[in-house]
Amino acid sequence: MAESDSGQDRSEEPTAKRLRESREKGQIARSRELNTLAVLLGGTGGLLATGGSLADTLMRVMSANFSLSRDILMDERSMALWFLASGEAALQALLPLFMTLLIAAIAGPIALGGWLFSTQALAPKFSRMNPWEGIKRMFSVRALVELLKALAKFAVVLIVALLVLSADRDDLLAIAHEPLEPAILHSVQVVGWSALWMACGLILIAAVDVPFQLWDNKQKLMMTKQEVRDEYKDAEGKPEVKAKIRQLQRQAAERRMMQAVPEADVVITNPTHFAVALKYDPAKGNAPMLLAKGGDFLALKIREIAQEHKVTVLESPALARAVYYSTELDQEIPAGLYLAVAQVLAYVYQIKQYRAGKGKRPGPLPDLPIPPDLRRDE
C-alpha cells in the first residue's frame, strides 16, 4: 500500500475533486506502448493499402528524372520546375500514408484517457532539473518497469522478425530473379506484411502496459484519510468557520427582530421563558404575522423594547408557546390560532380605548382556545 510524504497509508479512493484536478494538470494514464502500437499498425496498414500506388508513382518519378534531356539539364529554371513537379507528385503519393499515420498518432493517446489539452502540463517544472531527483527516477520502480518493457519489446520484435523472415524466405529469394518493377512492388508487399506482423507482436506488450498504467495512475491519486477529511472541510467549509457564519447570521436576524418589535401590535409572553411579537394589518386583510420571537434572554430583550416603545405586553403562556413553536419569522400564524389571536387583538384594542379615555377598563384576559395539536407544554 502506498504511503504519503507524512507516512500515512493512501488507502482511500480518489475523490471526484481529486480526479478533476489531476486531469486539469494533465496527470492521466497514458501508455507509450499503446501509442507505439497504434502508429505502427496505422503505418503498416497504410503502407499495405497504398504501397502499390506509392511504389508505382515513385518509380515513374524516378524514371522521369533519370531520362531528362540535355536542354532541361542545362536550364536552371527548367530544373527547378521539374524538381517542384517531382516533389508535388511524390507528396501526393505519400499524403494518404501520412494522413493514416497522423490519425493513428492521435487515436493512440485518446484511446486511453480520452482527449486532453492542459496548459499546466506544458508549464516548465524546475524540479525536474534537480540532479538528485533525476538519480532517484533512474533507480525507481518505474525505471525498472520501463527497462523490462524495453527488453520485452526487443525480445518480442526479434522473435517475430525471425519468424517472419523465415516464413518469407522464399519470397525474398524470388525477388532477386524478378524484373525491376515487379520486384519493387513485391518487395513493398513483403516489407509491409513483415512490418505488420512485427507490429502485431507489440499487442502483447500493450496488453500488459495499459492495465499497469491505469493501476499506477490510480495509486498516485490514492488519498489518505486526512486528505479526504481536509478536502471535505475545504468543500463544505471548516466547522469553526461555519459556526462563526451561523453566529453572525443569528446576530443579524436578532437585530432585524429587535428593529421590528416597535411595529408590533402586541407582545405575548410566557411570562419569562418566551416572548412573541405579532402585528395585524387590516388593510391587507391577511392573518397576523410574527415579527419577532425569542426565549430567555431574547424574550427579556423583546419585552424591554416593547415596554420602551409602549407596545402592549400580555401574559398568555399557552399562546406564547404555541406561536413560538408553530410560526417562523415574517410568516402568518397558523389557522388554528386565528381565534385565540383575534381575542388577544380585541383585548389590546379595549386597553387602548381605555387608555384614551373612550371605554371601560377591560377585565382579565379570558382563557384562549388553543387547539391540542398546537399546544406545547413546558
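If you're wondering where the values come from, they're calculated on a predicted model, not measured in any experiment.

(A) The overall build of the chain, seen in detail. The number of helices and strands found in the chain is 15 helices and four strands. Within the chain, counting contacts between residues at least 6 apart in sequence, those at least 24 apart form 74% of the total. When the accessible surface of the chain is summed, it comes to about 24600 Å², and 62% of that surface belongs to carbon and sulfur atoms.

(B) Spatial organisation of the pairing of strand S1 (residues 266-269). What you see with S1 is no split at all: Val 266 and Ile 268 on one side and Val 267 and Thr 269 on the other are buried throughout. In terms of strand pairing, S1 meets strand S2 (residues 274-279) through four bridges, oriented antiparallel. When the bridges of S2 are listed, Val 267 appears paired with Ala 277. Between S1 and the antiparallel strand that follows it, S2, lie four residues. Bridging between S1 and strand S4 (residues 312-315) involves four bridges; their strand directions are parallel. Within the sheet, the bridge partner assigned to Val 266 lies in S4 and is Thr 312.

(C) Quick look at the pattern of salt bridges. If you walk through the whole model with that rule in mind, you get two salt bridges. In this structure, the salt-bridge partner of Asp 56 is Arg 60, at a minimum N-O distance of 3.3 Å. Pair noted here: Asp 56 and Arg 60 are both in helix H2 (residues 32-65), with a separation of four residues, about one helical turn.

(D) Representation of unusual backbone geometry in the model. The residue Asp 296 is not glycine, and still its phi comes out positive at about 55°. Mapped onto the fold, Asp 296 is located in the loop between strand S3 (289-295) and helix H13 (297-308). With phi around 60°, Lys 310 is a residue other than glycine that occupies positive phi space.

(E) Structural context of the sheet that holds S1. The sheet built from four strands is open, its strands ordered S3-S2-S1-S4 with mixed pairing. Strands at the two margins of the open sheet, each flanked by one partner only, are S3 and S4. Taking each pair of neighbouring strands and ignoring which way they run, the sheet shows an average axis angle of 20°. Relative to S3, H13 is tilted by about 130°, and along the sheet it contacts S1, S2, S3 and S4.

(F) The confidence of the model for the chain, seen in detail. On average, residues of the chain carry a pLDDT of 79, and 89% of them reach 70 or more. Element-level mean pLDDT values for the chain span from 58 in helix H5 (residues 119-122) up to 89 in S2.

(G) Highlighting the packing of aromatic side chains. Under the definition given, this model contains four aromatic pairs. Note on Phe 274 and Tyr 324: the rings are 4.6 Å apart at their centroids and 50° apart in plane angle, and the pair reads as tilted. Of this pair, Phe 274 sits in strand S2 while Tyr 324 is found in helix H14 (residues 317-326), placing the two residues 50 residues apart along the sequence. Residue classification places Phe 274 among the buried residues on the basis of a relative accessible area of 9%. One aromatic cluster in this structure is built from Phe 274, Tyr 324 and Tyr 325. Above the plane of the ring of Tyr 324 lies Lys 293, whose end atom (NZ or CZ) is 5.0 Å from the centre.

(H) Inspection of the packing of H2 against helix H10 (residues 203-221) at higher detail. Running from N to C, H2 and H10 cross one another at 150°; their axes reach a closest spacing of 8 Å. Judged by the angle between their axes, H2 and H10 are roughly antiparallel. You can see that H2 and H10 cross each other, and the crossing is left-handed. Contact with H2, carried on its side by Arg 32, Glu 33, Leu 34 and Leu 37, involves Ile 203, Ile 205, Ala 206, Asp 209 and Val 210 of H10 and no other residues of that element.

About the thresholds
Residues numbered from 1 in each chain as written. Predicted model: local features only at pLDDT ≥ 70, side-chain atom pairs only at ≥ 80, totals over all residues. Heavy atoms only, no water. Helix = DSSP H or I, 4+ residues; strand = E, 2+ residues; numbered from the N terminus. Contact = heavy atoms within 4.5 Å. Areas by Shrake-Rupley, 256 points an atom, 1.4 Å probe, with all protein chains shown as cover. Buried < 20%, exposed > 50% of the residue type's maximum accessible area, 1.4 Å probe, protein only. Pairing = 2+ DSSP bridges. Salt bridge = Lys/Arg side-chain N within 4 Å of Asp/Glu carboxyl O. Axes fitted to C-alpha atoms, helices over the stretch in contact; angles between N-to-C directions. pLDDT = per-residue confidence, 0-100. Phe/Tyr/Trp six-rings, centres within 6.5 Å; stacked < 30°, edge-to-face > 60°. Lys NZ or Arg CZ within 6 Å of the ring centre and 35° of its normal. Parallel < 35°, antiparallel > 145°, perpendicular 65-115°, else oblique. Left-handed = near helix turned anticlockwise from the far one by under 90°.

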